[in-house]
Amino acid sequence: MAKLKSVLGTMWALTALPLLLVMFFGFTHWPKLLVAATGLEVSPWFTGGKVVASVDREGYAIRVHRPVFDALVGQRAKGFVQIDFVPPEGGSLPAVVEESVDVGGNPALAIRVRVDTATRTATLGASGTHVDGVEGVYGLARGLGVRVALRNPA
Amino acid sequence: MLPIGQLLGEGVVVGLAGGTGCLATCGPVLLPYLLAEEGRSRWASVLALGQLLLGRLVGYLAIGILAWLAGMTVLASPRWRAWLVGTAYLGVAILMVAYGFSPAAKGCAATPGAGILARVRTRWPKLLPAALGLLTGLNLCPPFVVAITRAADAGGLAGSLAFFSAFFVGTSVYLAPLPLLGWLRRPEAVRTTARLAAGVVGVYFAYLGLVNLIGGLLA
Amino acid sequence: MSSTPTTTSRPWSPGLSWPKTALAALPMLLLTALMLLGGRPLPHDPLRLVPLLAVFVLSNVLFVLMLRTGKTDRFRAILFVTVAVCFVLSFIPNLLEVRGNIGLTGDDLVQGKTPFCHMVIPMTVIPAALTRTIIFPGSMLTGFAAIGSMLVLWLAATLALGRGFCSWGCFFGGLEDGLSRVRNRPLVKAIGKRWTYLPYAVLGTVVVISALTLTPTYCEWLCPFKSVTEFNALTNTRAVAQAVIFFSLFAGLVVVGPVVTRKRTQCGLFCPMGAFQGFTNKLNAFEVRVDRERCSDCGQCEKVCPTFSLDRESLAKGGTRVSCVKCGKCVDACPKGAAAFHIKGTALRPQARSARLLFLYPAFLFLTVFGSGMIQDGLYRVLLLVTTGSMIAH
């Protein structure tokens, strides 16, 4: 048993260097493999979650993300939805955009939002009963993202 | 009153969602006591677990009644709610920090009535887990405060009790394994760590308390 | 335990003769050449060429000295501290180039532009297991210090070195390591053993609260190293409070603590990542052991250990506590040659060199290759500052 332990220990120690070499030499490959194999992604609390609806308007487009109520288990009572306002390639957003946004077809989450793109401020108009207010306006790689605080209707 | 089915479902979900918070709060407090009984048999550990859960259930139901009463009175106002919750957090924070970081502290200050526990340990040692369950069941932690405010809005005594019973089931998933940690090889290290963790959690509670108090001022 | 060695005889050294040193250093010379160049030709820009050559020469000279003299920590520390200092010199200008600002803005968070570091890893485990998401505002695969890349680096280093990562990889640890060597004698000699459990308490708490809130609590509120990297732009009271905490912890645990105690106080008394990494020592092949038959109980190892990983209890069992960072300081300091690197499962032979060499190759290679980018960029920034007056490349 002692001999076996000794052999196994030495073998495990011997693998340390090759392990690091394999890691370094394949460094462009392993992260992709890890992410693909585990299906890991950045939390929607940071990314805003997946885009579930897209509407093209004259001079800009709207991308509506899914509402984020994600908890460790189940859902939270409070969350948000992110609405992106995207200018055309190489262009810019109009000075003011005003939109009615349907969130998951739920009237309690219907949002009427007005965005002043120059000052990066947003205000809500008549919205659903579970819409709490504008949480923030953020600059995106292209355009602006408006996060609207919601109460979970579920 | 909200439907009982909905309250039961919500109670379990709130319990499951917030149970890690219960673990953070009650774990550091429970562990040093539970691990004090070194050499406990597995059967005795399971029995201790049963007692602990029963004690917690009784504590939860008592809070359920209080939440119903509070829902009709002080918790009806958002400002009072924030101030009460903030003050409660700060109180618990002070106790937990003192308990966690003071080398002189002998008892468990984070639960109300550390002296009671000492007496229970002396007179009825076998009932200690039940007493611990009851007293931590009466403790305020973030998920528990959420549960209280939700139960206060339930609209009736039966609803409040139903919600807390379900909340108990949800949180038990996290707390149930604690007495089984008595089988660990190094209980002293776990005890010391758990106690320090109570102090760290206390600092977090102080933050939550301040946030609530400031929120109450701005409400 | 007395702090005075009981013998004055010349200690045994694991150092090699010059021919053996040359032979043993050759693989490292080739590997570092291969790794540092990565198949690319030498850069023409002297501001890039000089740092590259400097890293190559410095690391190989240090490795040769390590082999020849038999001293591990003395030469490891030079490279380790250099990496940490250069990391700071490199990180901030890099952020300014890539992102345009040091203060983290809401835009940066939403766009996933926050560099990921290993300190976040313990907090991500439960949410990743239950929700398959990483609770950090970074990018999985693209940009500077992407999450996937850092996870791969950490995973490999952990499998190879266990908590040795904290002495051979962590680019924060070098700051404390350096500052703990500033004074010859500590001003504070005794720290209660119970405080050495604080990292585990911090670990448990931040892991649970992070899982509950789905935010990296430690990064948001407690990380001292935010002071020398980045933190939320000071646009509200919350951000100011966070910054005050970061700077206070940095001053206390990374600067004052190491200087007055000659210990790595953040690593040994606070760091949750270190506590987490300690558990990986159980899975690792390498450890430090103390031969009880040779040990004279002089207490020298306990005195020099930077992370409080040796005490009477652990010495009685002939080893270290789980928090050992495998820096080799106790091995260097032991006057009897009783402390040594050891491979688990094998017989304890403190004067056999094989275990030390088998550990040194992966550990030193990791430190050199992982740290080379930081050293090169740090030196490049210094040269840039000297030649252009700015650390930012325009």
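*Asks:* Sorry, what's going on with the overall build of chain C here?
*Replies:* The number of helices and strands found in chain C is 17 helices and 3 strands. Overall, chain C is about 65 × 50 × 40 Å in size when its C-alpha atoms are taken along their principal axes. Within chain C, contacts between residues separated by at least 24 positions form 77% of all contacts whose residues are at least 6 apart in sequence. Accessible surface, chain C as shown: approximately 15300 Å² in total, 66% of it carbon and sulfur. Distance between charge centroids for chain C: 7 Å, based on 39 positive and 18 negative side chains.

*Asks:* Help me understand a nonpolar patch on the surface in this model?
*Replies:* A cluster of nonpolar side chains, Met1, Leu4, Val7, Leu8 and Met11 of chain A, forms an exposed patch at the surface whose accessible area comes to about 530 Å². By the element assignment, Leu4 of chain A lies in helix α1 (residues 2–25).

*Asks:* Would you explain the state of the cysteines in this entry?
*Replies:* Defined simply, a disulfide is a covalent bond joining two cysteines at their sulfur atoms. Residues and elements named next belong to chain C. Following the criterion strictly, the structure yields 0 disulfides over all chains and no others. Cysteine Cys298 is unpaired, with the sulfur of Cys334 as its nearest cysteine sulfur at 6.2 Å. On the accessibility criterion, Cys298 (8% relative accessible area) is buried. Of all cysteine sulfurs, the one in Cys327 lies closest to Cys305, which takes part in no disulfide; the gap is 6.3 Å. Judged by relative accessible area, which is 8%, Cys305 ranks as buried.

*Asks:* Mind showing me how you'd approach the nonpolar core here?
*Replies:* Generally speaking, a soluble globular protein has its nonpolar side chains buried in company with each other. Within the largest apolar cluster, 121 residues are counted, with the highest numbers of intra-cluster contacts made by Phe63, Phe116, Trp168, Phe171, Phe225 and Phe366 of chain C. It is helix α17 (residues 354–388) of chain C that provides the largest number of residues to this core, a total of 13 residues. Of all hydrophobic cores here, the second largest spans 22 residues; its members include Val64, Phe85, Val131 and Leu150 of chain A.

*Asks:* Where do I start with the pairing of strand β8 (residues 121–124) of chain A in this structure?
*Replies:* Within a regular beta strand, the side chains point alternately toward one face of the sheet and then the other, so they alternate between its two faces. Residues and elements named next belong to chain A. The pairing of strand β7 (residues 111–116) with β8 spans 4 bridges and is classified as antiparallel. Residue pairing across strands places Val115 opposite Ala122, the latter belonging to β8. Between β7 and β8, which pair antiparallel and follow one another directly, the connecting turn spans 4 residues, one of which, Arg120, has a positive phi of 55°.

*Asks:* Could you clarify how one ought to interpret the interface of chain A and chain C in this entry?
*Replies:* Accessible area lost on assembly of the parts is the figure often given for the size of an interface. Counting residues at the interface gives 44 residues for chain A and 53 residues for chain C. Each partner contributes to the roughly 3800 Å² buried at the junction of chain A and chain C, and carbon and sulfur atoms together form 78% of this total. When the buried area of chain A at its contact with chain C is split by residue, Phe24, Phe46 and Leu72 of chain A rank highest and sum to 19% of it. Applying the counting criterion to the chain A and chain C interface returns 1 salt bridge. Taken together, the links from chain A to chain C amount to 10 residue pairs in polar contact (both at pLDDT 80 or more). When contributions to the side of chain A that touches chain C are tallied by element, the ones reaching two or more residues are α1, α2 (30–38), β1 (41–42), α3 (44–47), β5 (75–86) and β9 (131–139) of chain A. When residues of the side of chain A that touches chain C are assigned to their parent elements, the largest contribution, 16 residues, is made by α1 of chain A. When the residues that make up the side of chain A that touches chain C are grouped by side-chain class, the tally is 28 nonpolar, 9 polar and 7 charged.

*Asks:* Looking at this structure, how should I read the side chain of Arg264 of chain C?
*Replies:* Along the chain, Arg264 of chain C falls in the loop between α11 (237–261) and α12 (265–269). One polar contact links Arg264 of chain C to Ser167 of chain C, side chain to side chain, over a distance of 3.0 Å.

*Asks:* Before we go on, may I ask you to explain the environment of Ala275 of chain C in this structure?
*Replies:* All names here are of chain C. Here Ala275 lies in helix α13 (residues 272–280). For Ala275, a relative accessible area of 2% translates into the label buried. For the pair Ala275 and Tyr200, spaced 75 residues apart in sequence, the C-alpha separation works out to 5.5 Å. Ala275 has contacts with Pro199, Tyr200 and Leu203, leaving out every residue within four places of it along the chain.

Each value, and the rule that gives it
- Residues numbered from 1 in each chain as written.
- Chains lettered and ligands numbered in written order.
- Predicted model: local features only at pLDDT ≥ 70, side-chain atom pairs only at ≥ 80, totals over all residues.
- Heavy atoms only, no water.
- Helix = DSSP H or I, 4+ residues; strand = E, 2+ residues; numbered from the N terminus.
- Contact = heavy atoms within 4.5 Å.
- Areas by Shrake-Rupley, 256 points an atom, 1.4 Å probe, with all protein chains shown as cover.
- Lys, Arg positive; Asp, Glu negative; His and termini not counted.
- Charge placed at Lys NZ, Arg CZ, Asp CG, Glu CD.
- Patch = residues over 30% accessible without salt bridge, like charges linked within 9 Å, V, L, I, M, F, W, Y side chains within 5 Å.
- Salt bridge = Lys/Arg side-chain N within 4 Å of Asp/Glu carboxyl O.
- Disulfide = S-S within 2.5 Å.
- Buried < 20%, exposed > 50% of the residue type's maximum accessible area, 1.4 Å probe, protein only.
- Core = buried A, V, L, I, M, F, W, Y, C linked by side-chain atoms within 4.5 Å.
- Pairing = 2+ DSSP bridges.
- Buried area = accessible area lost by both parts, 1.4 Å probe.
- Polar contact = N/O pair within 3.5 Å; in protein donor to acceptor, adjacent residues only side chain to side chain.
- Nonpolar A, V, L, I, M, F, W, Y, C, P; charged D, E, K, R; others polar.

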